[in-house]
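# Report on the structure
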Amino acid sequence: MYTLKFDENVCRTCPTGDCLVKCQYLHLDKETAVAEMVKIGQGADSFVLNDCVTCYACEEYCRRGNHPFYLITERRQEKGILTAPRAITRQWINIGEPQGKYRLGEVKERVLSFGFMPEFLGWIKGRLFEDVMPSYIFGQEFFCNVVYIHFADTAVIKERLPQVVDNFRKLGVKEVIFLHDECYGAFTQLAPAFGIDVPFQSIHYYEYLYHRLQELKDLIRPLNIRVAYQRPCSSRLSSDQHHFFADIMDLIGVDLVAREYQDENALCCGGILSMNYGYDLAHDVQKRNIDDMTAHGAQFCVFNCPACQSTLGPLVAKQGIKPIHMIHLCRKAIGEM
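All residue numbers here refer to positions counted from 1 along the written sequence of the relevant chain. Owing to the predicted nature of the model, reporting of local features is limited to residues with pLDDT of at least 70; listing and counting of side-chain atom pairs is limited to 80 or more, with chain, interface and lining totals taken over all residues. Just so you know, side-chain values use all the structure's heavy atoms and leave hydrogens and water out.

Okay, the sheet that holds strand S9 (residues 322–325) next. In spatial order, the strands read S7-S6-S8-S9; together these four strands make up an open sheet with parallel pairing. Here the strands that pair on one side only, and so sit at the sheet edges, are strand S7 (254–256) and S9. Averaged over all pairs of adjacent strands, the angle between their axes in this sheet comes to 40°, without regard to strand direction. When DSSP locates at least two bridges between a pair of strands, those strands are taken to pair. Helical segments are the DSSP runs of H or I of at least four residues, strand segments are the runs of E of at least two, and each set is numbered from the N terminus. Across four bridges, strand S6 (residues 225–230) lies against strand S8 (residues 300–303) in parallel orientation. Looking across to S8, one finds that Tyr229 is bridged to Val302. A contact between two residues is defined here by any heavy atoms of the two lying within 4.5 Å. Note on geometry: axes are C-alpha line fits, over the in-contact stretch for helices, and angles between N-to-C directions span 0 to 180 degrees. The strands touched by helix H12 (residues 243–251) are S6, S7 and S8; relative to S7, the strand with the most contacts, the crossing angle is about 145°.

Turning next to the pattern of salt bridges. For side chains bearing opposite charge, pairing can occur when the charged atoms are close. Salt bridges are identified by distance alone: a Lys or Arg side-chain nitrogen within 4 Å of an Asp or Glu carboxyl oxygen. In the structure shown here, the tally under the stated rule is 24 salt bridges. Lys79 is paired through a salt bridge with Asp45; the nearest N and O atoms lie 3.1 Å apart. Placement of the pair is Lys79 in helix H6 (residues 68–79) and Asp45 in the loop between helix H3 (30–41) and helix H4 (48–51), with a sequence separation of 34 residues. Residue Lys79 is classed as partly exposed on the basis of its relative accessible area, which comes to 33%. Across the pair Asp255 and Arg226 runs a salt bridge, and its minimum N-O distance is 2.8 Å. With Asp255 in strand S7 and Arg226 in strand S6, this residue pair connects regions lying 29 residues apart in the sequence. By relative accessible area, which is 36% here, Asp255 ends up partly exposed. The buried label goes to any residue with under 20% of its type's maximum accessible area, the exposed label to any with over 50%, and the partly exposed label to all in between, with areas taken from a 1.4 Å probe on protein chains only. Exposure remark for Arg226: the relative accessible area of 32% places this residue in the partly exposed category. One network of salt bridges, with partners in common, ties together Arg110, Arg127, Glu130, Asp131, Glu175, Arg212 and Glu215.

This part takes up the packing of H3 against H6. It is the contact of H3 with H6, at a shortest axis distance of 10 Å, that shows an interaxial angle of 50°. Relative to H6, the element H3 is oriented oblique. Judged by the twist between their axes, the crossing of H3 over H6 is left-handed. In this structure, H3 contributes Met37, Ile40 and Gly41 to the contact, and H6 contributes Pro68, Leu71, Ile72 and Arg75. Across the contact of H3 with H6, the residue classes tally to five nonpolar, one polar and one charged. To sort the angles, those under 35 degrees are grouped as roughly parallel, those over 145 as roughly antiparallel, those from 65 to 115 as roughly perpendicular, and the leftovers as oblique. We call a crossing left-handed when the near helix sits turned anticlockwise from the far one by less than a right angle, and right-handed when that turn is clockwise. Here the term charged refers only to Asp, Glu, Lys and Arg, the term nonpolar to Ala, Val, Leu, Ile, Met, Phe, Trp, Tyr, Cys and Pro, and the term polar to all other amino acids, Gly among them.

So, on to the environment of Ser310. Within the fold, Ser310 resides in helix H15 (residues 306–318). You can call Ser310 exposed: its relative accessible area is 54%. Spatially, the C-alpha atom of Ser310 lies 15 Å from that of Ile327, the residues being 17 residues apart in sequence.

As a further point, take the packing of helix H11 (residues 205–215) against helix H16 (residues 326–333). Remark: H11 packs on H16, axes separated minimally by 12 Å, with the N-to-C direction vectors making an angle of 0°. Classified by the angle between their axes, H11 and H16 sit roughly parallel to one another. Counting all contacts with H11, which are made through Tyr205, Tyr206, Leu209 and Leu213, the residues of H16 involved are Met326, Ile327 and Cys330. Within the contact of H11 with H16, the residues separate by chemical class into seven nonpolar, no polar and no charged.

Here it is, written out as structure tokens:
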């Protein structure tokens, strides 16, 4: 049985309460934040268990590595506090169930993980990836299942993630480049938090792109555009990799606008909010986010997560801001698009 590594005393002695003080949806002072996290750690009721909107950000805000969001998720599940109607939760869990329909390229010790994002089957091409492709994996058998923390369900993750790890082990891979940072976060942050061993090295695709672009620097032509970045919730599980976004923008001659809702202050795309918490909250967050991009003169909105792009892309386009995925932006910089 896998158990979350959490220490109540770490919360009790926390000098800042940042996990909830910095939360953009709860607005608590330090004393309340610390008191509520201690209560949650003890298994007591807390309004936080009802009001958390599952943006993952407290996992980044907690500098003491005590996993506040995973704890909130575990307590919600124990108490039967659902974040979405039961039918929707069940539908999502069924979508990720292994079906034996996975796809494998010519798998080598170094492999690209498309997770369960079908977009990557068409997007991953060209010189950026020619040193790895056609070594890739895709399908539910290699899906990290982390999305289920949005639905207050760590049990299904603890059941399936070790099986996914074993599927990688059977392929004999030694290095996995994850094209979705939720999967990267699963194997580098969530798995260790629950004591799940990972027998391969995980690489975030931002790090891969940065080094690959340096190898191809003679092909780079500065794009000279102004962009806003839509940082996804899943990026909160790999905050140590976040700097690579700005590093890559510098490398390809892109001006990253200094807006309010970026870096630690990033807002959700609204997809999960509309599904689990209603359209009013989602529309408010989306409007503030897009108004911020517009006010700072962004010409493009760069997406990391295909799901965020599907949700927010059409809305930014209506405001005259061009949506583009990070992979396409990098291919554009080397003249492939």
